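Descriptive analysis of the structure
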Amino acid sequence: MNTEQIVRTFIEYYEERGHRRITGSTLLPPPGDPVLFTTSGMHPLTPYLEGRPHPLGKRLVNVQRCLRTTDLEEVGDATHLTVFEMLGTWSLGDYEGPLSLDWGYGLLTDGFGIDPRMLHVTVFGGDDRTGPDTASQELWQDRGIPVELTVEDNWWSNGPTGPCGPDSEIFLWTGDTPPESTPTRDDRWVEVWNHVMMRHRRLIDGSLVPLPQRNIDTGLGLERLASLLQGRTSVFECDVFGPWRHRVPLLWPLDESSLRLVCDHLRSAMVVIGDGARPGSTGRGYVLRRLVRRVLTVLWRDDPSRGLGDLPNELIQHSLDRFRQEVDRDDVRRVLLDEERRFSRLLERGRQVLARPRFRGPLDDEDFHYLHDTHGLPRDIVMSLRPE
Ligand code: SER
């Protein structure tokens, strides 16, 4: 099944069960939202989870692009991407957790053909404020799926305050031996789908109050599911990365982990640019800048003559099409090249400054402050220019 078929199967399955499809939002939350990027499908729906009636009703389904910087250091492993698409479903004060889990189970096994013996789930085991999620536990036991109880790992929130609740996560076995152990003890269990019983709101003082309605919020990472259904060992080998894996190594020979980083960060940068962000020194712009500069650092490490000007149009267009962004690909290229020029000038200046006798020996905090404040050289760049 390619990703398009997975999306269609998912949406139709939920439409048959009374859900209406909503359009995904961009990665940039509206002004006034404290979050830099949309990090999950539920994020744009927060007001509706808090009780405002949604114009399309109480059962919703969508595909939402998300960006997670919390996973940035994990990018390059088999399962994490910076920008990814999340398939999501919501019950806004309508049906409850067990039905959501049962439908999820039905879709994974009948719809996507996953062998139930390859599944394991985790369920909230309870803490001093909230009791264990026995309804989810019973549903899974009825279906014969092994359950592991956890506390922190099965509590979902989108930030320190706001809607939150216990969740049940569904894992798929990826080992080449028969399944063994449990999701928290063996990372060959890969999480594919999270069902959150979103019925609390955490206040600024940390206390929990009930939301006006009991919601369900589920999210399933599309590229991750695609790679597993396609029998691939990493998200970078699923069909959406096909053109990337083909074109990038022809352009720049890279080891596997560098190739993954370059593909992930470049694609993510293109999507962020396509949604209207521009590189800068704070907030979203800074995240975008870091993505582009990390790519350049990897590329230039082996060969300083490499440049983003060589990027084939096909890759930019592929990303714009994938994320349904109606932006001129030349504009995306221009933003990338401007940032490349800026970074290159900064490095050049950095090399000249660091060649001064004052900076020959070990650097102290005062040196780092001076380099930053007077020459615009952040600590990580200084370090990269003087490998010690
Ligand atoms: N909000 C949950 C998550 O992001 C489920 O959609 O995992």
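What comes next is a walk through the structure. (Residues numbered from 1 in each chain as written. Predicted model: local features only at pLDDT ≥ 70, side-chain atom pairs only at ≥ 80, totals over all residues. Heavy atoms only, no water.)

Backbone geometry at Ser181 places phi at a positive 60 degrees, although glycine is not the residue there. For Ser181, the location among the structural elements is in the loop between strand 7 (162-173) and strand 8 (189-202). (Helix = DSSP H or I, 4+ residues; strand = E, 2+ residues; numbered from the N terminus.)

According to the stated counting rule, one finds twelve aromatic pairs in the structure shown. Ring centres of Phe10 and Tyr14 lie 5.1 Å apart, and the angle between their planes is 50 degrees; on these two criteria the pair is classed as tilted. Highlighted residues: Phe10 and Tyr14, both in helix 1 (residues 3-15), separated by four residues, approximately one helical turn. For the pair Phe10 and Tyr14, one class covers both residues: buried. When the centroid spacing of 6.4 Å and the interplanar angle of 80 degrees are considered together, the rings of Tyr14 and Trp193 count as edge-to-face. With Tyr14 in helix 1 and Trp193 in strand 8, the pair connects residues that are 179 residues apart, well separated along the chain. The pair Tyr14 / Trp193 is uniform in exposure class, with both members buried. Note that Arg358 overlies the ring of Tyr370, its terminal NZ or CZ placed 4.5 Å from the centroid. (Phe/Tyr/Trp six-rings, centres within 6.5 Å; stacked < 30°, edge-to-face > 60°. Buried < 20%, exposed > 50% of the residue type's maximum accessible area, 1.4 Å probe, protein only. Lys NZ or Arg CZ within 6 Å of the ring centre and 35° of its normal.)

Judged by how many residues are buried, strand 7 sits mostly within the fold: twelve of twelve residues are covered. With five bridges joining them, strand 4 (residues 119-124) and strand 7 adopt antiparallel strand pairing. Bridged to His120 within strand 7 is Phe171. Here strand 6 (residues 155-157) runs beside strand 7; their pairing, made up of three bridges, is antiparallel. If you follow Ser157 over to strand 7, its bridge partner there is Cys164. When strand 7 meets strand 8, the two strands line up antiparallel, connected through ten bridges. Paired with Pro163 across the two strands is Arg201, which belongs to strand 8. (Pairing = 2+ DSSP bridges.)

Turning our eyes to something else, we now look at the packing of helix 7 (residues 256-274) against helix 8 (residues 283-302). Between two packed helices, the angle of one axis relative to the other and the distance separating the axes together describe the packing. The interhelical angle for the contact between helix 7 and helix 8, taken along N-to-C directions, is 145 degrees, at an axis separation of 9 Å. Regarding helix 7 and helix 8, the two cross each other, and that crossing is left-handed. Of helix 8, the residues touching helix 7 (which contributes Ser258, Leu261, Val262, His265, Leu266, Ser268, Ala269, Val272 and Ile273) are Leu288, Leu291, Val292, Arg294, Val295, Val298, Leu299 and Arg301. A breakdown of the residues in the contact of helix 7 with helix 8 according to their chemical character gives twelve nonpolar, three polar and two charged. (Axes fitted to C-alpha atoms, helices over the stretch in contact; angles between N-to-C directions. Left-handed = near helix turned anticlockwise from the far one by under 90°. Contact = heavy atoms within 4.5 Å. Nonpolar A, V, L, I, M, F, W, Y, C, P; charged D, E, K, R; others polar.)

Between its terminal C-alpha atoms helix 3 (residues 97-111) stretches 20 Å, which fits the 21 Å expected from 15 residues at 1.5 Å a residue. Along helix 3, the residues that are buried comprise Gly97, Ser100, Leu101, Trp103, Gly104, Tyr105, Gly106, Leu107, Leu108 and Thr109. Just beyond helix 3, the residue with positive phi is Gly113, at close to 75 degrees. (Expected span 1.5 Å × (residues − 1).)

Judged by how many residues are buried, strand 2 (residues 59-67) sits mostly within the fold: eight of nine residues are covered. Here two bridges tie strand 1 (residues 20-21) to strand 2, and the two strands are oriented parallel to one another. By the bridge assignment for strand 2, Arg20 is matched with Leu60. Examined bridge by bridge, strand 2 and strand 3 (residues 83-91) share nine bridges and lie antiparallel to one another. The partner of Cys66 across the bridge, within strand 3, is Phe84.

Right, let's talk about the site of the ligand for a bit. Taken together, Ser40, Met42, Arg68, Met86, Trp156, Asn194, Val196, Asp217, Thr218 and Gly219 make up the full set of residues near the ligand. A distance of 2.7 Å separates a nitrogen atom of the ligand from a polar side-chain atom of Asp217. The contact in question runs from an oxygen atom of the ligand to an N or O atom on the backbone of Gly219, over 3.1 Å. In isolation the ligand exposes 230 Å². Once the protein is present, 96% of that is buried. Taken together, the elements giving at least two residues each to the shell around the ligand come down to strand 8 and strand 9 (208-221). Here the shell around the ligand takes three residues from strand 9, the largest share from any one element. The class makeup of the residues in the shell around the ligand is four nonpolar, four polar and two charged. (Near = heavy atom within 4 Å. Polar contact = N/O pair within 3.5 Å; in protein donor to acceptor, adjacent residues only side chain to side chain. Areas by Shrake-Rupley, 256 points an atom, 1.4 Å probe, with all protein chains shown as cover.)

Mapped onto the secondary structure, Ser268 falls in helix 7. The class for Ser268 is buried, based on a relative accessible area of 0%. Here Ser268 is in contact with Thr82, Val83 and Leu291, once residues within four sequence places are set aside.

Note that side chains of opposite charge can pair when their charged atoms are close. Counted according to the given criterion, the structure contains 24 salt bridges. With its nearest N and O atoms 3.4 Å apart, the salt bridge here joins Glu50 to Arg201. Of this pair, Glu50 sits in the loop between helix 2 (46-49) and strand 2 while Arg201 sits in strand 8; the two residues are 151 residues apart in sequence, bridging distant segments of the chain. A residue is classified by how much of its surface remains accessible, and Glu50, at 28% relative accessible area, is partly exposed. With relative accessibility at 25%, the residue Arg201 sits in the partly exposed group. The partner of Arg322 in a salt bridge is Glu85, and the shortest N-O contact between them spans 2.9 Å. Separated by 237 residues along the polypeptide, Arg322 in helix 9 (residues 313-322) and Glu85 in strand 3 bring together distant segments of the chain. (Salt bridge = Lys/Arg side-chain N within 4 Å of Asp/Glu carboxyl O.)

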